[in-house]
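Below are the chains, spelled out letter by letter.
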Amino acid sequence: SIKHMQTVPSVVMKIHTEPSDLSPGTPVPDEDSVVFSKLTYLGCASVNAPRSEVEALRMVSILRSQCQMPLDVSLSVPGVSEGTVRYTSTEIANYPIYKILFCVRGHDGTPESDCIAFTESHYNSEIFRIHVFRCEIQEAVSRILYSFATAFRRSANKAPLAAKAPPLTPDSDVFTFTVSLEIKEDDGKGTFSAVSKDKDRQSFKLRPGMDKKIVIYVQQTSNKELAIERCFGLLLSPGKNVKNSDMHLLDLESMGKSSDGKSYIITGSWNPNTPQFHAVNEETPKDKFMYMTTAVDLVITEVEEPVRFLLETRVRVCSPNERLFWPFSKRSYTESFYLKLRPSNSDTLYEVVSLENLTEAFESLSFFLTVLPDNDEPLLSGSGDVSKECGEKILETWGDLLSKWHLNLAVRPKQLPALVRNGVPEALRGEVWQLLAGCHNNDHLVEEYRTLITKESPQDSAITRDINRTFPAHDYFKDTGGDGQDSLYKICKAYSVYDEEIGYCQGQSFLAAVLLLHMPEEQAFSVLVKIMFEYGLRELFKQNFEDLHCKFFQLERLMQECIPDLYAHFLDLGLEAHMYASQWFLTLFTAKFPLYMVFHIIDLLLCEGISVIFNVALALLKTSKDDLLQTDFEGALKFFRVPVPKRYRSEENAKKLMELACSMKVTSRKLKKYEKEYHTIREQQEQQEAPIERYERENRRLQEANMRLEQENDDLAHELVSSKIALRKDLDNAEEKSDALNKELLITKQKLVESEDEKRRLEEESAQLKEMCRRELDKSESEIKKNGSIIGEYKQICSQLSERLEKQQTANRGELEKIRMKVEGCEKCSILFSKEGRLKVVSARKEGSEEDTDEEKEALKNQLREMELELAQTKLQLVEAECKIQDLEHHLGLALNEVQAAKKTWFNRTLSSIKTVTGAQGKESV
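Residues numbered from 1 in each chain as written. Predicted model: local features only at pLDDT ≥ 70, side-chain atom pairs only at ≥ 80, totals over all residues. Heavy atoms only, no water.

Colleague: Where do I start with the overall build of the chain in this structure?
Modeller: The number of helices and strands found in the chain is 26 helices and 20 strands. Classification of the 926 residues of the chain by burial places 40% in the buried group. As displayed, the chain has an accessible area near 53,400 Å², and 51% of this comes from carbon and sulfur atoms. (Helix = DSSP H or I, 4+ residues; strand = E, 2+ residues; numbered from the N terminus. Buried < 20%, exposed > 50% of the residue type's maximum accessible area, 1.4 Å probe, protein only. Areas by Shrake-Rupley, 256 points an atom, 1.4 Å probe, with all protein chains shown as cover.)

This is how it looks when you write it as C-alpha cells:
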C-alpha cells in the first residue's frame, strides 16, 4: 500500500512503525516522499562488502530465517536527494540518502522474493550495515526499488558533506604550517602568469630575462591558531644550503590574509637581471637542474622573535623558444613545517625550540629513509599506481569462489592458494583480506576500537611524528591533517592502547596504511590485530627483538643453502642480515617498495603465513645477486636502499619477482630446524657468558616485567574505580528515570480513564444521531413517494387534455371543411366568399347584377354572424387548452426540482431537524 506526501523537503531519512490503519488526522512527514506500509522489519547486520549483491542476498536469507521478533513498520523513501523514514509515533533511526550505498531484492522463485534490503554507512564511520524488510504485498518490492532509484538519480550531483576540518596536532607545543611557493612571470600582456613545473623532476621552468614575482602562501593546519602580524622580509638566493649572508632581499608588493581568512599571502617582485641572480638567469642544460632557496620571515604576535620558513626548490632556466606549457603539473611547491614552541619568561609569549620541515623529519628517521645525493634519491613509500581493472574470466572465477566460501567461512576453498599466488584483484582485496584474516565476524573488535580511540596513548607523540612520514607519495596520506592521516593516526593510537605489552612500534603505520587503502578504519584495525597476534608479527618486537634475530639467522641459513656464492660474499664483507633485512620483516616490505608489489606480498602473507617473507627475501637476493657480488660493504647497503625498490616500479618486474618467490621452496620443517639451531647457539653463548652478567640481564628482564605488571595492576585498579563510579552514576540515573516513568504511567492511566468516559458519551450521542437520521430519512422517502404520485397524476391529466384538444381541433377542421363545401356549392355564397373562406367585397357598381332582397341579405348576415361566433368560441377553447398545458408543464418542472433538491439536501434538513429538536429539549430542560 502506497501513500504519496507532498510537503516541505527535509534532510534525513528515518525508519518508522505504522499502526494497522492511518487515520486522516495522522501527521505526515515533512518532505516529498513515498510511504510504503504493511512492511515487516527483520533486522540489520554488519557487512564487509556493502555493494556486493551476493553478500547482501546471503544476509537477507539469514535474517529472514533467523528473525525472532519481526517489527511491523512503514518505510518512507524520499523523492528528492534528502528524505525521512520514521515511525509514526516513535523514531527508531534515520539515514541521509547519501549514506544509502546499495539496494537489493530477493530473487523470484525464492523464499526471499518478498524481501528488500539496503546497505548504509553506519554513523560517521565507514561501518557498513544492511537493513532487511519483508513486504506483505509482494508487488510493493518493485515500487520500493524504483523509489530508491529515483532518490539516487536526484542526489547523484549533490555533495553530501562538507569537508571536515583537520584535527589538532596532539602535541600541544607543536604547530604545523603549510607553506606554498608560486613563481609568476611577465607574460608580455601586462599581467603575470604562474610558471609551469616539469612533470618528472618537479622543477620550476623559468625563462631568462623576464620579470618575475614570488608569491608565498602560509597556512596553519594544526593546534591553537597563531596570529601572523606582518612579513619582516622576503629573501631569495640561487643554490641550496646557502648562508644567511648570501640571501638577497626582494621588494615587497603586498602582504595580508586571503579572502577566506585561512592563509597569509606575501608577494614580492624579483628582477632576475641583477648580478646576484645571474645563476638563475642563464639557460640550464637540458638534463640538468639547479636549486633555488626562498625564505620568508614572519612576525607572529605570540612569538618573541621572527620565524623564518625556508623553501629549497628545483628550477630550470629554459630556452626562450621552448614551449613551457606542455606538459605541466601543479604550479606551486608546498612544504610542511613543524614549529615547536615553549613558554618564555614572559607569560604571554613563546620562544622557538625548533622549526623542522617535512624533509628534515624524514632525515631523522634513518630506519626507513636515507638521504642520498640529489640524483640518487630513494623511492618514497606509497609510490606506484595499482589499477583496479581485471579480466572478466578472473572476476568470474573469484566471484564463484567467494560465493562458495561464504557458505562455509570456516573452511578455505581448495583452489584459493593457487588464485592468491597470481594476486587478488584490487577491487576484491578488501573483502578477501578480511576473510583470509578471519575477520568476517569481528563486531567485538569494531566495538572495542570505538572505545580505544577515546583513550590516551603514552606513545602519542611518536605516532604523530610517524604519520606524516607514512606514504608521503600517496594522495590519500600526503595532506597534513587530511582524512587519510586522521584515520591512520586513530588506528595506530588504538593499537598502542590495545596491545600494552608491545604498544606502537616504528613500521606499524606502514602496514596500517596498506590496510586502510582497502577497507574502513574499523576493519583495518581488526585485520592489523589479526596479523600482529595470529600471524606472529608482534613476536618480532618482544624480548629485545629475540625472534627477529632468529629470523635473520634463518634467512642467512637459507641463503647459504640456495645462494651460497652471495652468502660467502656477504660473509667476506661482514654484511649481516639485520643490516639490510630489518624492515623487510618489521614492515612486511611496505615501507619502501611500490604498492603493486606490497599488495601482492600481503595477499600471500594472509594466505600462507609470515614465512612468505623468506620467499620474497630470497627472490630479491637471487634476482640482485649479480649486482651485489660486484659491490663492497657501502655499495651493498646503498644498493638495498635505492636500486632494489626502484627496480620493481615496473609491474612486469614485480610480477616476475612474485612468480619467483612463489616457486621458492621454504618448508616449515626447514625453518623449524634452523630455529632449533639458533636457540642451540644462543644457549651455548649464554653458557659461555659470565654468570654475573647473565643474572644481571635476567634481573633486568624480570624488573621490566615486574614494572609492566605493576603498571597493568594500577591501570586495572583505576579502571575498576572508574567503572564503579560510572555504574553508581548510571544506577542513580536509572532510578530517576524510573520515578519519572512511574509518574508518566499514572498520568497516562488517568488520561485513559477520561478517554474511556469520553468514548462512552460520544457513542451515546452517535446512537441518538443515527436514530434521528433514520427518522428523517423515512420522512424524506415518504415525501418523495407522495411527490411521485402527484407528478403521475399531473402527467395523466396533461395526456387527457392533449387528447381532447386534438379531438376538438379535428372536429373544428371537419366543420370548417363542410361549411366551405356548402359555400362553394351555393352560387350566392360562392360570390361572397373566396376559396380560402374569406369574405369578398362586391362592387355596387357591377353591371348586370340583380339586387338581393332585404330578407335574403338579412338571413345571410345572421348566418354569417353565427359562424363567426362559433369560430371565435372554438379559438377561445383552443387558447384555454394551451394555457392549461403550459401550466401543467410548469407544475411538473417544479415538482421534479423539488424531488431533486429533496434528494440532495436531506442530510442538511436532518441536521436542521436535529438542531431544532436539541433546541427544544434545551428549552424544556430550562
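Colleague: Any chance you could explain the environment of Phe570 here in plain terms?
Modeller: One can find Phe570 in helix 14 (residues 564-573). Residue Phe570 is classed as buried on the basis of its relative accessible area, which comes to 3%. Separated by 63 residues in the primary sequence, Phe570 and Phe633 place their C-alpha atoms 8.3 Å from one another. Aside from chain neighbours lying at most four places away, what touches Phe570 is Met559, Leu575, Tyr580, Leu621, Leu628 and Phe640. (Contact = heavy atoms within 4.5 Å.)

Colleague: Can you help me understand the packing of helix 10 (residues 483-498) against helix 12 (residues 521-534) in this one?
Modeller: Relative placement of two packed helices is described by the angle separating their axes and the distance separating the axes. Between helix 10 and helix 12, the least distance of the axes is 10 Å, while the angle of their chain directions is 40°. It follows that helix 10 is oblique to helix 12 by the angle criterion. Where helix 10 crosses over helix 12, the handedness of that crossing is right-handed. In contact with Ser487, Lys490, Ile491, Ala494, Tyr495 and Tyr498 of helix 10, helix 12 contributes Glu521, Ala524, Phe525, Leu528, Val529, Met532 and Phe533. (Axes fitted to C-alpha atoms, helices over the stretch in contact; angles between N-to-C directions. Parallel < 35°, antiparallel > 145°, perpendicular 65-115°, else oblique. Left-handed = near helix turned anticlockwise from the far one by under 90°.)

Colleague: Quick question: what am I supposed to make of the sheet that holds strand 11 (residues 204-206) here?
Modeller: Backbone hydrogen bonds are what pair the strands of a sheet, in a parallel or an antiparallel way. With mixed pairing, 5 strands are arranged side by side in an open sheet as 11-18-17-13-14. Every other strand in the sheet has two partners, leaving strand 11 and strand 14 (248-249) as the edge strands with one partner each. Of the strand pairs in this sheet, strand 17 (residues 290-300) and strand 18 (residues 307-317) are connected by 9 bridges, and their pairing is antiparallel. By the bridge assignment, Leu298 is partnered in strand 18 with Val307. (Pairing = 2+ DSSP bridges.)

Colleague: I keep staring at the packing of aromatic side chains and nothing clicks. Help me out?
Modeller: Aromatic ring pairs are described here by two measures, namely the spacing of the ring centres and the angle between the planes. In total, this model carries 25 aromatic pairs according to the counting rule given. Arranged with centres 5.2 Å apart and planes meeting at 50°, the rings of Tyr41 and Phe133 form a pair that is tilted. Of this pair, Tyr41 sits in strand 3 (residues 33-46) while Phe133 sits in strand 8 (residues 127-135), and the two are 92 residues apart along the sequence. Each member of the pair, Tyr41 as well as Phe133, is classed as buried. For the ring pair Tyr476 and Phe477, a centre distance of 5.0 Å and an interplane angle of 70° mean the geometry is edge-to-face. Among the residues examined, Tyr476 registers a relative accessible area of 35% and is labelled partly exposed. (Phe/Tyr/Trp six-rings, centres within 6.5 Å; stacked < 30°, edge-to-face > 60°.)

Colleague: Which parts of the structure should I look at to understand a negative patch on the surface?
Modeller: Together, Glu500, Glu710, Asp714, Asp715 and Glu719 line one region of the surface with negative charge. Examined against the element boundaries, Asp714 turns out to sit in helix 23 (residues 691-825). (Patch = residues over 30% accessible without salt bridge, like charges linked within 9 Å, V, L, I, M, F, W, Y side chains within 5 Å. Salt bridge = Lys/Arg side-chain N within 4 Å of Asp/Glu carboxyl O. Lys, Arg positive; Asp, Glu negative; His and termini not counted. Charge placed at Lys NZ, Arg CZ, Asp CG, Glu CD.)

Colleague: Please clarify how helix 10 should be interpreted in this entry.
Modeller: Residue pairs three or four apart in sequence face the same way in an α-helix, which turns once every 3.6 residues. In a regular helix each residue adds 1.5 Å, so 16 residues correspond to 22 Å; helix 10 covers 22 Å between its end C-alpha atoms and thus fits that length. When you tally the buried positions in helix 10, you get 13 out of 16 residues, the bulk of the element. (Expected span 1.5 Å × (residues − 1).)

Colleague: Could you clarify how one ought to interpret the nonpolar core in this entry?
Modeller: Note that soluble globular proteins tend to have their nonpolar side chains buried in a common cluster. Residues Tyr580, Trp584, Met597, Leu620 and Leu621 are the most contacted members of the largest nonpolar core, which totals 106 residues. Leave out the neighbours within four places in its chain, and Tyr580 touches Met559, Phe570, Leu575, Leu621 and Phe640. Counting 35 residues, the second-largest nonpolar core is a separate cluster that includes Tyr264, Leu311, Val315 and Leu339. (Core = buried A, V, L, I, M, F, W, Y, C linked by side-chain atoms within 4.5 Å.)

Colleague: Help me understand the pairing of strand 3 in this model?
Modeller: Regular strands place side chains that alternate from one sheet face to the opposite one. Most of strand 3 sits out of view: 11 of its 14 residues are buried. Where strand 3 and strand 4 (residues 71-78) come together, 7 bridges link them in antiparallel fashion. In the sheet register, Tyr41 faces strand 4, and the bridge partner there is Leu71.

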